[in-house]
Structures are given as structure tokens and as C-alpha cells.
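The chain contents come next:
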Amino acid sequence: MTDIELLNRIKNNPADFSELFKLYYKQIFGYILRRTGDFDDTADIAANTFFKAFTHIKNFSYKGISVKVWLYRIATNEVNLYFRYKHKHSSLFERIDLADKNIFNQYLYEDRKELEKELQQHEQFVSVLESLKTLPVKYQEVISLRYFEGKETKEIIEILNIREGTLKSLLSRGLEKLREKCNQI
Amino acid sequence: MKSFEEKLTNMSKPEISQLKHQDMLAKAITNAKDKSVVSLWWLGIPLYLIAAFVMKSIYIPQTSWNSSIRELTGKQGYMAILVFVVVPVLLIIINLLTIRRLFFLYGNTKVTVFIKTVLVQILIIVLSFLILIFYFL
């Protein structure tokens, strides 16, 4: 199924949004986890990302960027908001009606345990991420998309809506700053 | 710098294999949307009233917005109160509550983005206030 077909299906029947979840939730969740390094914050941000995607999907018109890029764009904005207003961060889980809160919390608990174990197995990554998080957000997003997500220049430009020259200069300066931070450890 | 880039590219990164909470969350988000949306059709009520009275004041000689309302009030007092007071007040309350709920549902978001999201609700509130003002003038 193409992006356009999926979008049309969702626009006609909002319940089909679960298809989009199946396709991209894990990927976006992984991206956010590799930006924040924290399961609870990741779960909140990922939920907010998909909630916003769902509420705005009727306004999304297929103009050159794919649904995946669009989701990455929303997720990036959400992560940036999180870094800017962390103290004000509130959980979507407390505000939406879950069919069975106990089962959901149990699933969330199991997912947390699994991913915390996964994070522990990647000590080097966690240490680099901690250094990266001390840099301004504009460097964090380009470095994360290029080196953690393995995105090509074209895709990063689309996600961040910036020019190629800007991306190159942000990457170059960001890498230099990150290397200094890593060397200090 | 090249070696640092290689180190970043090649180091192992945490991967997601399975997320158990995924399906329940998808369902909850879909339900949250269903309950939070006030249909554009609600706008039809105040718009219909305004359009009807404006048309009447334009096409029927010696009538105005106020005289049309007074005429209706005289003929069908209860209907006038229902249409020009109860319905607008109810619409204002429902939409204020919806905006409040959406505000809590959205959490941190830019003011402009939030205003765009609740534009329909704001329009209904403004139109309802206009009807109330015209009625009590």
C-alpha cells in the first residue's frame, strides 16, 4: 500500500490510523529513544507525536514529502519541545482514555524493562548520547539523524526543512563540539 | 574527524524489537480524537440564523435584524428564548469545555498551533456571542 492510499484510507476511516501505527510507531519510538535515552520520556513523546499526527492527518497533503518524513518532522519538533520545556512536560497517558489502564501500564512496564536492558548493552552509545545532549538542539538533531538513524542528506533536509549548506555547516560544527565533549570524558 | 565520524556510524545502537503497548495506544488515540472533535456542522446553527435574518432584512422592505427578532419574540416567545438565548449559551459552554479538554489533551504546544486546532470552537463561540448581543440590544 502506498502512502497516498494509506492516507486516503485514514481520511475515510480514522480507525485505519492503526495501520500507520503498525508501520512507523516502532521506528519513530526508536528515533526518540536514541535522542533522549530515557524510556518514559520516549513513550510520552512518541504518544504525543502520533496523537498530533492523527489530529492533523486530514490537513496533510502529499506534497513531495512522505508520511515517514512527516512523522520524523513531528517527532523532531516534539523532542525539541521536550528539551526546551522539560520541566513542564505532561504525559498524554494521563489524559487519554485507555481501555484497561492496568494492562496498559503492565505492557509499558515490560517494554521499559526490555529497553532499559537494551540501553545498558550499549554503554558507548549512552555515553556519546549524554555528551550530545549537552549541545544545542540544532546540533543534536542533525547528528542524531545522520549518525544514529543513518539518514541520507536528502532525507535530513526534508525532515528538518533546512538547506543542504546549513546541514553541512551544522554537522561540521556539531561534530567538532561533540568530539571535544567526548574527549573530555 | 573522519575516525570520529566512523566511530559514531559504526558503534552499536539500541534497537526496538517489540513494543507491547503499541496497539492499545493506537486505539486510545483514535478514541481520544473521536471524542474531542466538534463537527463543523455545529457552525450551521448560528450561521443559519444569521443568514436567515440578514436575508430577511435585505429582501423584505421595512424589516431589520432587530425587528425580525422582536417579531419572533412577540409571536413565539419561548422559541425566541430557545433559539437566541439557550442555544447560544449552550454552544458557548460546550465549546469552552471542548477547548479546555483539548488544551489538557495537547499538553505543551505553541499558542498558534493550538489556536488553529480550536479555530472552529472559537468561531462558534464568537457567533454565539454575536447572537446573544443582537438579541439583547
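Residues numbered from 1 in each chain as written. Chains lettered and ligands numbered in written order. Predicted model: local features only at pLDDT ≥ 70, side-chain atom pairs only at ≥ 80, totals over all residues. Heavy atoms only, no water.

Engineer: Explain the pattern of salt bridges here, please?
Structural biologist: Oppositely charged side chains can pair when the atoms bearing their charge come close. Enumeration according to the criterion identifies 13 salt bridges over all chains in this entry. Measuring nitrogen to oxygen at the nearest pair gives 2.9 Å for the salt bridge that ties E78(A) to K52(A). Taken together, the residues E78(A) in helix α4 (residues 67-84) and K52(A) in helix α3 (residues 39-56) connect sequence positions 26 residues apart. Summarising the burial analysis for this pair, E78(A) and K52(A) share the class buried. Residues K68(A) and E155(A) are paired through a salt bridge, measuring 3.8 Å at the closest nitrogen-oxygen approach. Taken as a pair, K68(A) in helix α4 and E155(A) in helix α8 (residues 153-160) lie far apart in primary sequence, 87 residues in all. Three or more residues are tied together by salt bridges with common partners; here these are R34(A), E149(A) and E15(B). (Salt bridge = Lys/Arg side-chain N within 4 Å of Asp/Glu carboxyl O. Helix = DSSP H or I, 4+ residues; strand = E, 2+ residues; numbered from the N terminus. Buried < 20%, exposed > 50% of the residue type's maximum accessible area, 1.4 Å probe, protein only.)

Engineer: Any chance you could explain unusual backbone geometry here in plain terms?
Structural biologist: Where the residue is not glycine, phi is negative for most of them; where a peptide bond is considered, it is trans in most cases. You will see that N161(A), though not glycine, has its phi angle at about 55°, which is positive. For N161(A), the location among the structural elements is in the loop between α8 and α9 (164-184).

Engineer: I tried to follow the side chain of E78(A) on my own but got confused; where do I start?
Structural biologist: Residue and element names in this part refer to chain A. Looking at E78, the relative accessible area reads 8%, which means it is buried. Within the structure, the side chain of E78 is placed 2.9 Å from the side chain of K52, a separation counted as a polar contact. Not counting chain neighbours up to four residues away, the residues in contact with E78 comprise I45, N48, T49 and K52. (Polar contact = N/O pair within 3.5 Å; in protein donor to acceptor, adjacent residues only side chain to side chain. Contact = heavy atoms within 4.5 Å.)

Keep in mind these numbers describe shape, not what the thing actually does.
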